[in-house]
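# A structural walkthrough
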Amino acid sequence: MKIEQIYTGCIAHAAYYMENNGEAAIFDPLREVQPYIDRASKDNAKIKYVFLTHFHADFVSGHLDLASKTNAKIVYGPTAKPAYAIISATDGQVFEVGNYKVKVVHTPGHTMESTTYLLIDENGKEHGIITGDTLFIGDVGRPDLAQHVIAELTQDKLARHLFHSLREKIMPLSDDLIVYPNHGAGSACGKMMSKETTDTLGNQKKTNYALNPKMSEDEFVTAVLMGLTAPPAYFPANVLMNIKGYESLDAVMKKAKTPLNPSEFEAAANETRALILDTRTAEEFAKGFIPNSINVGLDGNFAMWVGEMISDIKQEILLVTTLGNEEESMVRLSRIGYDHTIGYLEGGFASWMNKGFETDTIDRITTEELEKNINFEETPIFDVRKKSEFLSEHLIEATNVPLNEINSHLAEFPKDKKFILHCAGGYRSMIAASILKQRGWDNFVDVVGGFEAIKNTNLPKTDYVCPTTLL
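Just so we're clear, the structure is a prediction, and the values are computed from it rather than from any experiment. (Residues numbered from 1 in each chain as written. Predicted model: local features only at pLDDT ≥ 70, side-chain atom pairs only at ≥ 80, totals over all residues. Heavy atoms only, no water.)

## Remarks on the overall build of the chain
What counts is decided by this rule: Every helix listed is a DSSP run of H or I at least four residues long, and every strand listed is a run of E at least two residues long, numbered separately from the N terminus. Restricting the calculation to C-alpha atoms gives the radius of gyration, and the globule rule supplies 2.2 Å times the number of residues raised to the power 0.38. The cut-offs for exposure are 20% and 50% of the maximum accessible area for each residue type, with area from a 1.4 Å probe on protein chains only; residues under the lower value are buried, those over the upper are exposed, and the others partly exposed. Residues count as neighbours in contact if any of their non-hydrogen atoms are within 4.5 Å of one another. Only the protein chains shown count as cover for residues, with accessible areas throughout obtained via the Shrake-Rupley method and a probe of 1.4 Å. His is not counted, nor are the chain ends, whereas Lys and Arg count as positive and Asp and Glu as negative. Note on charges: their place is set at NZ of Lys, CZ of Arg, CG of Asp or CD of Glu.
On a plain count of helices and strands, the chain comes out with 17 helices and 22 strands. Here the C-alpha radius of gyration of the chain, 24 Å, is about what a compact globule of 471 residues would show, namely 23 Å. Out of the 471 residues belonging to the chain, those deemed buried represent 56%. Across the chain, the fraction of contacts at a sequence separation of at least 24, relative to all contacts at a separation of at least 6, is 69%. Summed over its atoms, the accessible surface of the chain is roughly 19600 Å², and 48% of this surface lies on carbon and sulfur atoms. Charge separation in the chain, taken as the distance between the mean sites of 46 positive and 64 negative side-chain charges, equals 4 Å.

Structure, rendered in structure tokens:
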């Protein structure tokens with residue numbers, strides 16, 4: 001069966017392309033749809049359907065642009081009622097793509113409209129299941145997201161729906177089916193997904209805790225809800241965009257692709273409420289940046305941290321990027337609904353420096369300097385990793401302020417003495433450093449290499465506890 005996974009690692013997302021006899025279908029596309037159109041063109045195929053497994057929270061789906069450009073029909077499962085034309089499929093309904101068949105299996109739980117698609121080849125053999133966020137490799141979709149949009153859909157209610165969907169709809173299926181999930185490790189839509197992005201259903205029945213046949217409904221609910229952290233703040237806004245519709249990516253990119261020389265950039269920053277977002281690496285940013293800019297590097301968990309740290313999805317943004325990364329930065333912002341980029345610094349940070357405009361830097365120290373010269377009684381150290389990482393192992397003298405909570409804990413950072421920041425490797429602590437600089441702190445240093453480097457020193461640390469033990 002011709003089915004291809006199109007995986008985008010930066011947001012741990014899997015879309016799927018299926019083609020037979022000149023007809024194609026796309027499942028859960030990202031917002032930049034040209035790659036799917038090009039893939040179908042390569043096969044001389046027409047995209048007939050765009051199948052959605054649910055209203056996504058972690059990205060803005062590309063179904064509207066894809067349907068507009070190809071005349072494909074948009075298909076959702078039962079109960080989906082968006083503000084645009086779709087085929088609202090019934091449980092058990094079958095769609096034909098060439099000589100293949102796609103059977104709708106309604107599997108509420110992650111959300112109420114969540115649907116699994118059973119793929120059947122030209123010989124009538126069941127090949128695999130596209131599970132969306134219902135079933136991952138090693139995990140299942142978290143059932144606590146819908147309540148942020150519809151309050152009465154509590155996590156307990158949805159977890160119980162998910163229990164029955166898995167037991168009554170998924171587990172009775174053949175063991176040799178291939179499981180094609182919507183996400184892999186790194187997505188915030190689950191808590192302990194595998195790095196593998198496909199598996200057989202039979203192996204998942206043996207290894208996935210949520211498919212344990214001896215687990216009672218109450219035990220399942222407890223296990224699925226245990227250890228969930230707050231979802232990224234942008235999730236509800238993305239759900240609403242996917243339900244209500246959104247501006248085409250072409251229109252968004254046209255506005256964003258506005259080159260601004262340093263003088264124009266400075267004027268735009270002064271005359272608007274735009275936030276200056278610098279997407280260069282932590283190392284580049286530390287050496288020099290435009291005052292009041294926030295650093296979220298493209299080389300890390302960009303989407304999640306933009307969504308965590310920029311609370312207003314309609315915030316106007318001015319971009320500073322590494323040369324050549326301007327468009328990539330714009331696309332990755334729009335993937336998660338940040339559609340209000342109003343321009344970028346032409347020539348990058350070097351052009352700003354060359355004009356003699358004001359710059360700032362972040363002081364950094366190595367772990368060798370930390371070990372030799374720092375008195376922790378006089379110099380507090382702040383660990384901005386998430387709580388579970390901190391509890392697993394940390395410097396005995398450190399105080400934990402998780403990055404996603406930093407804005408509500410600013411009072412904990414002293415202004416009358418020097419302090420130290422670190423995270424796991426330097427990515428998150430540079431985000432924290434840029435925020436503190438923006439808020440008026442200038443009395444701190446960042447640790448190069450973060451806790452991964454600190455572990456190789458003799459500084460006093462707590463005993464290691466496996467994160468799964470904590471969970």
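Next, the rest of the story.
## Digging into the UniProt feature "domain: Rhodanese" (unreviewed entry) in the chain
Our working definition: UniProt positions are given in the numbering used here, feature names are shortened, and annotations may be inferred rather than shown by experiment.
UniProt tags residues 270–361 and 375–463 as "domain: Rhodanese" (unreviewed entry). Its end C-alpha atoms 21 Å apart, residues 270–361 is made of 36% helix and 16% strand. Annotated as residues 375–463, this span is 26% helix and 16% strand, and its ends, taken at the C-alpha atoms, are 21 Å apart.

## So, empty space enclosed by the protein
If you roll a probe as big as a water molecule over the atoms, it shows you where there is empty space left. Selection rule: Grid spacing is 1 Å over the protein atoms alone, the probe is 1.4 Å, and a cavity is where that probe fits but cannot get out, while a pocket is an open set with protein on both sides within 12 Å along at least five of seven lines and lining residues have an atom within 4 Å of a point. Grid points are joined across faces, edges and corners, and a volume is the space filled by probe spheres set on the points. Residues are sorted three ways: Asp, Glu, Lys and Arg are charged, Ala, Val, Leu, Ile, Met, Phe, Trp, Tyr, Cys and Pro are nonpolar, and all the rest, Gly among them, are polar.
Evaluated as defined, the whole model comprises three cavities of 30 Å³ or more. There is about 110 Å³ of room inside the largest cavity. Taken together, Cys10, Ile11, Asp58, Gly186, Ser187, Ala188, Pro232, Tyr234, Phe235, Asn301, Ala303 and Met304 form the lining of the largest cavity. Considered class by class, the residues forming the lining of the largest cavity number eight nonpolar, three polar and one charged.

## Observations concerning helix α8 (residues 262–271)
Threshold: In this description, the arc belongs to the directions extending from the helix axis to the C-beta atoms. Throughout this description, a polar contact denotes any pair of N or O atoms lying within 3.5 Å of each other; where both atoms belong to protein, one of them has to be capable of donating a hydrogen while the other can accept it, and for residues adjacent in sequence the pair is counted only when both atoms sit in side chains.
Among the residues making up α8, those that are buried are Pro262, Phe265 and Ala268. Take α8 and look down its axis: the buried residues cluster within an arc of 125°, on one side only. Facing away from the buried side of α8, by more than 90 degrees, are the exposed residues Asn270 and Glu271. Next to the buried residues of α8 lie β13 (259–260), β14 (275–278), β16 (317–320), β17 (341–345) and α12 (348–354). The backbone nitrogen of Ser263 lies 3.1 Å from a side-chain oxygen of the residue at the head of α8, namely Asn261.

## Structural notes on helix α2 (residues 63–70)
With six of eight residues buried, α2 lies mostly within the body of the structure. Buried within α2 we find His63, Leu64, Asp65, Leu66, Ala67 and Thr70. On its buried side, α2 packs onto β3 (23–27), α1 (34–42), β4 (46–51), β5 (73–76), α6 (235–244) and α7 (249–256). Two residues or fewer after α2 comes Asn71, characterised by a positive phi angle close to 65°.

## Considerations on the packing of α7 against helix α11 (residues 326–335)
How we decide: Axis lines are fitted through C-alpha atoms, for helices just across the contact stretch, and the angle between N-to-C directions can take any value from 0 to 180 degrees. Reported orientations rely on four angle classes, namely roughly parallel under 35 degrees, roughly antiparallel over 145, roughly perpendicular from 65 to 115, and oblique for the rest. Crossing chirality is assigned from the near helix's rotation relative to the far helix, an anticlockwise turn below a right angle marking it left-handed and a clockwise turn marking it right-handed.
With their axes 10 Å apart at the nearest point, α7 and α11 run at an angle of 135° to one another. The orientation of α7 with respect to α11, classified from their angle, is oblique. α11 is crossed by α7, and the crossing has right-handed handedness. Of the residues in α11, those in contact with Leu249, Val252, Met253 and Ala256 of α7 are Glu327, Met330, Val331 and Ser334. Split into classes, the residues belonging to the contact of α7 with α11 amount to six nonpolar, one polar and one charged.

## With respect to the domain arrangement of the chain
Quick note on the threshold: Domain delimitation follows an automatic or database domain assignment. Buried area, as used here, totals the accessible surface that two parts lose on assembly, with accessibility defined by a 1.4 Å probe and the loss added over both. Salt bridges are defined by distance alone: a side-chain nitrogen of Lys or Arg within 4 Å of a carboxyl oxygen of Asp or Glu.
Partitioning the chain into domains gives domain 1 (3–237), domain 2 (248–355) and domain 3 (364–469). Computed over C-alpha atoms only, the centres of domain 2 and domain 3 are separated by 26 Å. Both sides of the domain 2 and domain 3 interface together cover about 1300 Å² of buried area, and 68% of this is carbon and sulfur. Among the residues domain 2 hides against domain 3, the three largest losses belong to Ile294, Trp305 and Met309. Together they make up 40% of the total. One can count zero salt bridges joining domain 2 with domain 3. Those elements that provide at least two residues to the side of domain 2 that touches domain 3 are α9 (282–287), β15 (294–295) and α10 (302–309). The residue makeup of the side of domain 2 that touches domain 3, split by class, is nine nonpolar, six polar and three charged.

## Some remarks on the pattern of salt bridges
Evaluated as defined, the whole model comprises 25 salt bridges. A salt bridge links Lys169 to Asp91; the nearest nitrogen and oxygen atoms lie 3.0 Å apart. Placement of Lys169 in helix α3 (residues 155–170) and of Asp91 in the loop between β6 (87–88) and β7 (94–97) is noted, with a sequence separation of 78 residues between them. Put simply, Glu389 and Arg428 hold a salt bridge, and the shortest N to O gap is 2.7 Å. Of this pair, Glu389 sits in helix α14 (residues 387–392) while Arg428 sits in helix α15 (residues 427–438), and the two are 39 residues apart along the sequence.

## With respect to the sheet that holds strand β22 (residues 444–447)
Whenever strands of a sheet pair, they do so through backbone hydrogen bonds, lying parallel or antiparallel. Quick reminder of the rule: Here a strand pair is declared whenever DSSP counts at least two bridges between the two strands.
Taken in spatial order, the five strands make up an open sheet running β18-β22-β21-β19-β20, and their pairing is parallel. The strands lining the two open edges of the sheet, one partner per strand, are β18 (364–365) and β20 (398–400). In terms of strand pairing, strand β21 (residues 419–422) meets β22 through three bridges, oriented parallel. Opposite Leu421, over in β22, you have Asp446 as the bridge partner. Against the sheet, α15 makes contact with β18, β21 and β22, and its axis sits at roughly 140° relative to β21, the strand it touches most.

## Re the pairing of β22
We apply this condition: Here the term right-handed applies to a crossover when the path leading from its first strand over the helix to its second strand runs clockwise, the strands being oriented away from the viewer.
Residue alternation in β22 divides its side chains into two sets, Phe444 and Asp446 and Val445 and Val447, and both sets are buried. Pairing of β18 with β22, which is carried by two bridges, proceeds in the parallel orientation. Looking at the pairing, Arg364 lines up with Asp446 of β22. The parallel pair β21 and β22, bridged by α15, forms a crossover whose chirality is right-handed.

## Let's talk about the packing of aromatic side chains
Stated precisely, the cut-off is as follows: Centre distance within 6.5 Å is the pairing criterion for rings of Phe, Tyr and Trp, where only the six-membered ring of Trp is used; planes under 30 degrees apart are then read as stacked, over 60 as edge-to-face, and the remainder as tilted. Consider the ring centre and the ring normal. A charge sits over the ring if Lys NZ or Arg CZ is within 6 Å of that centre and within 35 degrees of that normal.
Scanning the model with the defined rule gives 17 aromatic pairs in all. Ring geometry for Phe382 versus Phe419: centroids 5.6 Å apart, planes at 85°, classification edge-to-face. On the criterion of sequence distance, the pair formed by Phe382 in strand β19 (residues 381–383) and Phe419 in strand β21 is long-range, its members being 37 residues apart. Grouping residues by exposure puts Phe382 and Phe419 together as buried. Following the ring pairs from residue to residue traces out a cluster consisting of Phe27, Tyr49, Phe51, Phe95 and Tyr117. Over the face of the ring belonging to Phe451 we find Arg385, whose NZ or CZ atom lies 4.2 Å from the ring centre. In this structure, Lys415 is placed above the aromatic ring of Trp441, and the distance from its NZ or CZ to the ring centre is 4.4 Å.

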